[in-house]
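Structural overview
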Amino acid sequence: DAGVTQTPRHEVAEKGQTIILKCEPVSGHNDLFWYRQTKIQGLELLSYFRSKSLMEDGGAFKDRFKAEMLNSSFSTLKIQPTEPKDSAVYLCASSLGGGASEQYFGPGTRLTVL
Amino acid sequence: TQTVSQSDAHVTVFEGDSVELRCNYSYGGSIYLSWYIQHHGRGLQFLLKYYSGNPVVQGVNGFEAEFSKSDSSFHLRKASVHWSDSAVYFCAASRSNYNVLYFGSGTKLTVEP
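Here goes a summary of the coordinates provided. What you see is a predicted model; the values in this text were computed from it and never measured. (Residues numbered from 1 in each chain as written. Chains lettered and ligands numbered in written order. Predicted model: local features only at pLDDT ≥ 70, side-chain atom pairs only at ≥ 80, totals over all residues. Heavy atoms only, no water.)

This next bit is on the environment of B:F14. All names here are of chain B. Looking at the secondary structure, you find F14 in strand β2 (residues 10-14). C-alpha of F14 to C-alpha of K108: the two residues are 94 residues apart in sequence and 14 Å apart in space. With sequence-adjacent residues up to four places away left out, F14 is seen in contact with V81, V111, E112 and P113. (Helix = DSSP H or I, 4+ residues; strand = E, 2+ residues; numbered from the N terminus. Contact = heavy atoms within 4.5 Å.)

Attention now moves to the state of the cysteines. Across all of its chains, the model carries 2 disulfides over all chains by this definition. Disulfide partner of A:C23: A:C92, at an S-S distance of 1.9 Å. Torsion about the S-S bond of the A:C23 and A:C92 cystine: about -70 degrees, corresponding to left-handed handedness. Of the two residues, A:C23 sits in strand β3 (residues 19-24) while A:C92 sits in strand β9 (residues 88-95), which places them 69 residues apart along the sequence. Judged by relative accessible area, A:C23 falls into the buried class, the value being 0%. Across a sulfur-sulfur distance of 1.9 Å, B:C23 and B:C91 are joined as a disulfide pair. Sign of the S-S torsion, about -65 degrees for the bond between B:C23 and B:C91, identifies this disulfide as left-handed. Of this pair, B:C23 sits in the loop between β3 (19-21) and β4 (24-26) while B:C91 sits in strand β10 (residues 87-95); the two residues are 68 residues apart in sequence, bridging distant segments of the chain. The burial state of B:C23 is the same as that of B:C91; both residues are buried. (Disulfide = S-S within 2.5 Å. Buried < 20%, exposed > 50% of the residue type's maximum accessible area, 1.4 Å probe, protein only.)

Residue and element names in this part refer to chain B. Most of β10 sits inside the fold, with 7 of its 9 residues counted as buried. In this sheet, β10 lies alongside strand β5 (residues 31-38) in antiparallel orientation, the contact comprising 8 bridges. Looking at β10, one finds that Y36 is bridged to F90. Two elements, β10 and strand β12 (residues 107-112), share 3 bridges in a ladder whose sense is antiparallel. Within β12, the residue paired with A87 across the bridge is L109. The pairing of β10 with strand β11 (residues 98-103) spans 3 bridges and is classified as antiparallel. Following the sheet pairing, A92 is matched in β11 by F103. Between the antiparallel neighbours β10 and β11 lie 2 residues. (Pairing = 2+ DSSP bridges.)

Further remarks concern the nonpolar core. With 27 residues, the main nonpolar core has B:W35, B:L47, B:L48, B:F74, B:L76 and B:Y89 as its most contacted residues. If you list the elements that add at least two residues to this core, you get β2, β3, β5, β6 (44-50), β8 (63-68), β9 (73-78), β10 and β12 of chain B. The residues touching B:L47, leaving out its near neighbours within four places in the chain, are B:W35, B:Y36, B:I37, B:G59, B:V60, B:F63, B:L76 and B:Y89. In terms of nonpolar packing, the next biggest core, distinct from the first, is built from 21 residues, A:I19, A:C23, A:W34 and A:V113 among them. (Core = buried A, V, L, I, M, F, W, Y, C linked by side-chain atoms within 4.5 Å.)

Let's shift gears to the sheet that holds strand β7 (residues 65-71) of chain A. Residue and element names in this part refer to chain A. One open sheet accounts for 4 strands, arranged β1-β3-β8-β7; its pairing is antiparallel. Because the sheet does not close on itself, it has two edges, and the strands there are β1 (5-7) and β7. Going across the sheet, the axis of each strand differs from the next one's by a mean of 20 degrees, ignoring polarity. (Axes fitted to C-alpha atoms, helices over the stretch in contact; angles between N-to-C directions.)

Time to look at the packing of aromatic side chains. On inspection of all chains with the given rule, the structure shows 15 aromatic pairs over all chains. Both rings, one in B:Y25 and one in B:F67, keep their centres 6.0 Å apart while their planes meet at 20 degrees; by these two values the pair is stacked. Residue B:Y25 is located in strand β4, and its partner B:F67 is located in strand β8; the two are separated by 42 residues in the primary sequence. For the pair formed by B:Y25 and B:F67, the shared burial category is buried. Clustering of aromatic rings is evident, with ring pairs tying together A:F33, A:Y35, A:Y48, A:F105, B:Y36, B:F46, B:F90 and B:F103. (Phe/Tyr/Trp six-rings, centres within 6.5 Å; stacked < 30°, edge-to-face > 60°.)

Functional significance is not addressed by these values, which are geometric in nature.
And the structure:
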């Protein structure tokens, strides 16, 4: 029973680089979420897709963060250009959709920007 | 706007003790409340949720939570903790027809042997 898969698990980037994080949701799930987790800010929503349509694009993250869902089984999060303040754990989650659906989280990608 | 607050950043108990992790929310409409657990270096895992009905809901591994509308709370409890319960616990809220979770800041539970 495959859960949410995220690659890579760790990423180190130089300031100004472009990085792409990948996520494969649970098969059959309609909703997909990208969150950023830091010790100071906690969990922040970056993007929310419902049936591949972008429902919410976290306002504070719009300028350099772009999430896409090319098909129902694959999503990417591009950060361009990266800045040191982007260092965080990026979590992808999916759910069946509808009210009160629990979210299934991937293990996260730890990004370090030098 | 919904807000979820977890007043305790850290809680330390001994194995076998009972524990209560507190969560308060602020929202005027229909709301779903849930708890998630995050072990070190891993993603979050769902524990339990409440929307309506019996205010006490049971979750995995002996956890339960009680909803109180009058207190705007959804506290998580366990009668007897095990060392493996050491983790960070997040309370979350979402609107009834919109699946985005709004998380509290988390409570780190440490269970001492």
